[in-house]
There are 2 protein chains.
Amino acid sequence: MSSGILTIGDLSKATGTKVETIRYYERIGLLAAPDRTSGNYRAYGAKDLGRLSFIRRARDLGFGLEQVRELLGLSDQKQRSCEAVDMIARDHLAEVDRKLTDLKALRRELDSIIRQCGCGTIAECRIIEALAPIDPNGPVK
Amino acid sequence: MSSGILTIGDLSKATGTKVETIRYYERIGLLAAPDRTSGNYRAYGAKDLGRLSFIRRARDLGFGLEQVRELLGLSDQKQRSCEAVDMIARDHLAEVDRKLTDLKALRRELDSIIRQCGCGTIAECRIIEALAPIDPNGPVK
DNA sequence: ATTGCACCCTGTAGTAACTATAGGGTCAAC
DNA sequence: GTTGACCCTATAGTTACTACAGGGTGCAAT
């Protein structure tokens with residue numbers, strides 16, 4: 001490939017994004033379909049690489065694809081207030097915090113159950129017991 | 001419905017699992033297909049409710065469906081050592097810990113970026129800047 | 001020129017765990 | 001009989017990828 005032209009593999013290596021994922025992003029409109037070589041290979045430019053880098057970074061920070069799309073749209077509007085960007089980021093941070101809270105609660109309970117496991121037979125397994133329905137008529141059947 | 005027979009809606013309400021999800025569990029073999037009423041309604045019994053409760057609790061603790069399937073299989077083997085159960089639970093706890101670590105790192109970085117946002121225009125937005133590609137030729141274009 | 005291998009292409013389906021919808025039947029209270 | 005809640009099957013969608021299958025291209029080594 002000649003100077004300035006990048007293949008999909010080049011972009012993949014440069015950003016740590018799989019080739020298939022890059023094609024996926026093109027399909028859903030996150031990336032523009034580039035010109036093609038005579039061999040029908042995608043011919044990307046530096047701007048495409050830049051845009052994919054943005055997407056990769058945002059994804060790594062946990063932003064959903066629609067949020068990434070919005071951020072990309074906003075990033076082109078230089079004179080506009082960045083209030084909307086701030087909002088997207090804060091909403092996302094709040095969501096991350098919710099997930100953290102849930103996961104911590106889950107971990108606490110799971111850890112507690114595991115610690116109680118004396119590990120004899122299934123009949124006396126505290127883990128199974130914790131999951132099994134409470135039987136009002138006696139031991140778990 | 002007569003005594004002892006439970007509808008899918010009964011199970012749904014008793015376990016907080018959606019009707020559609022219960023049908024899904026039947027389809028993938030986690031729940032046995034019950035007898036039907038003359039009106040073709042599913043006719044569940046107490047054992048079915050118990051099994052669904054187990055599934056629900058395990059799911060709430062974050063176990064994947066295949067892990068739930070294994071746990072269910074093990075729970076029937078009373079005389080067997082609960083070592084396998086212990087293993088599944090510990091593997092899962094390790095996975096939860098990995099997720100927690102990743103999520104915490106993500107949160108730290110996201111929080112840091114947000115705090116730097118002075119919120120003027122997009123051109124000077126620290127969030128967008130953090131996502132944008134590094135331009136060796138000068139300011140982000 | 002030929003070969004071999006890494007890479008590229010499109011199209012399609014699968015992953016995990018649900019969830020929603022369309023269109024139609026059942027049941028029980030009124 | 002009517003009505004509204006519930007039930008049924010079939011199919012497709014959600015999110016963000018990921019994995020083929022089958023075939024074409026490019027380039028270095030021979």
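Keep in mind the model is a prediction, meaning the values are calculated, not measured.

### As for the packing of aromatic side chains
The geometry of an aromatic ring pair is captured by the separation of the ring centres together with the interplanar angle, meaning the angle of the planes.
All names here are of chain A.
Phase 1: One pass over the full model with this rule turns up 2 aromatic pairs over all chains.
Phase 2: Ring centres 6.0 Å apart and planes at 40° place the aromatic pair Y24 and Y25 in the tilted group.
Phase 3: For Y24, a relative accessible area of 36% corresponds to the partly exposed category.
Phase 4: You can call Y25 buried: its relative accessible area is 4%.

### Thoughts on the interface of chain B and chain A
Phase 1: Opposite the 53 residues of chain B that make contact, chain A presents 53 residues.
Phase 2: Both faces considered, chain B and chain A share a buried interface measuring about 4,600 Å² in area, 78% of it formed by carbon and sulfur atoms.
Phase 3: It is L61, I122 and L131 of chain B that lose the most area in chain B upon contact with chain A, and together they represent 16% of the buried surface on that side.
Phase 4: Here chain B is connected to chain A by 2 salt bridges.
Phase 5: When the shortest N-O distance is used, the salt bridge between R107 of chain A and D97 of chain B registers 2.4 Å.
Phase 6: The tally of links between chain B and chain A comes to 14 residue pairs in polar contact (both at pLDDT 80 or more).
Phase 7: No other element matches the 20 residues that helix 5 (residues 83–115) of chain B contributes to the side of chain B that touches chain A.

### Concerning the relation of the copies chain B and chain A
Phase 1: Of the two same-sequence chains, chain B is brought onto chain A (RMSD 0.0 Å, axial shift 0.0 Å) by a rotation of 180°. Expressed as a symmetry operation, the mapping of one chain copy onto the other fits a two-fold axis. The rotation axis passes nearest to the C-alpha of L100 of chain B in chain B, at a distance of 3.5 Å.
Phase 2: The residues that chain B uses at the interface reappear at the interface of chain A in 100% of cases, marking a shared surface.

### Digging into the state of the cysteines
Phase 1: Taken as a whole and judged by the stated rule, the model has 0 disulfides over all chains.
Phase 2: With no disulfide of its own, C125 of chain A lies closest to C82 of chain B among cysteine sulfurs, the gap being 3.9 Å.

### A closer look at the protein's contact with DNA strand D
Phase 1: Near DNA strand D lie 20 residues; those nearest to it are Y41 and R59 of chain A together with G9, R36 and R42 of chain B.
Phase 2: Within 4 Å of the protein, atoms of DNA strand D come from sugar and phosphate in 74% of cases.
Phase 3: Interatomic distance of 2.5 Å between a backbone N/O atom of G9 of chain B and a phosphate oxygen of DNA strand D.
Phase 4: With respect to DNA strand D, the backbone of R42 of chain B contributes an N or O atom lying 2.8 Å from a phosphate oxygen.
Phase 5: Looking at which element gives the most residues to the surface near DNA strand D, the answer is helix 2 (residues 19–27) of chain A, with 5 residues.
Phase 6: Here the surface near DNA strand D is composed, by residue class, of 7 nonpolar, 6 polar and 7 charged.

### Observations concerning the domain arrangement of chain A
Phase 1: Entries for chain A in the domain assignment read domain 1 (1–80) and domain 2 (86–141).
Phase 2: Between the C-alpha centres of domain 1 of chain A and domain 2 of chain A there is a distance of 40 Å.

### Structural notes on the pattern of salt bridges
Phase 1: Under the criterion given, the structure shown has 18 salt bridges over all chains.
Phase 2: Put simply, D111 of chain A and R115 of chain A hold a salt bridge, and the shortest N to O gap is 2.8 Å. In this pair, D111 of chain A and R115 of chain A both sit in helix 5 (residues 83–115), 4 residues apart, roughly one turn of the helix.
Phase 3: Residue E26 of chain B is joined to R42 of chain B by a salt bridge in which the shortest nitrogen-to-oxygen separation is 2.8 Å. Here E26 of chain B, found in helix 2 (residues 19–27), pairs with R42 of chain B, found in strand 2 (residues 42–43); they are 16 residues apart in sequence, far enough to count as distant. This pair shows no difference in class: E26 of chain B is buried, exactly as R42 of chain B is.
Phase 4: The network of salt bridges with shared partners includes D97 of chain A together with R107, D111 and R115 of chain B.

The rules behind the values
Residues numbered from 1 in each chain as written. Chains lettered and ligands numbered in written order. Predicted model: local features only at pLDDT ≥ 70, side-chain atom pairs only at ≥ 80, totals over all residues. Heavy atoms only, no water. Phe/Tyr/Trp six-rings, centres within 6.5 Å; stacked < 30°, edge-to-face > 60°. Buried < 20%, exposed > 50% of the residue type's maximum accessible area, 1.4 Å probe, protein only. Contact = heavy atoms within 4.5 Å. Buried area = accessible area lost by both parts, 1.4 Å probe. Salt bridge = Lys/Arg side-chain N within 4 Å of Asp/Glu carboxyl O. Polar contact = N/O pair within 3.5 Å; in protein donor to acceptor, adjacent residues only side chain to side chain. Helix = DSSP H or I, 4+ residues; strand = E, 2+ residues; numbered from the N terminus. Least-squares fit on C-alpha atoms with pLDDT ≥ 70 in both. Disulfide = S-S within 2.5 Å. Near = heavy atom within 4 Å. Nonpolar A, V, L, I, M, F, W, Y, C, P; charged D, E, K, R; others polar. Domains from an automatic or database assignment.

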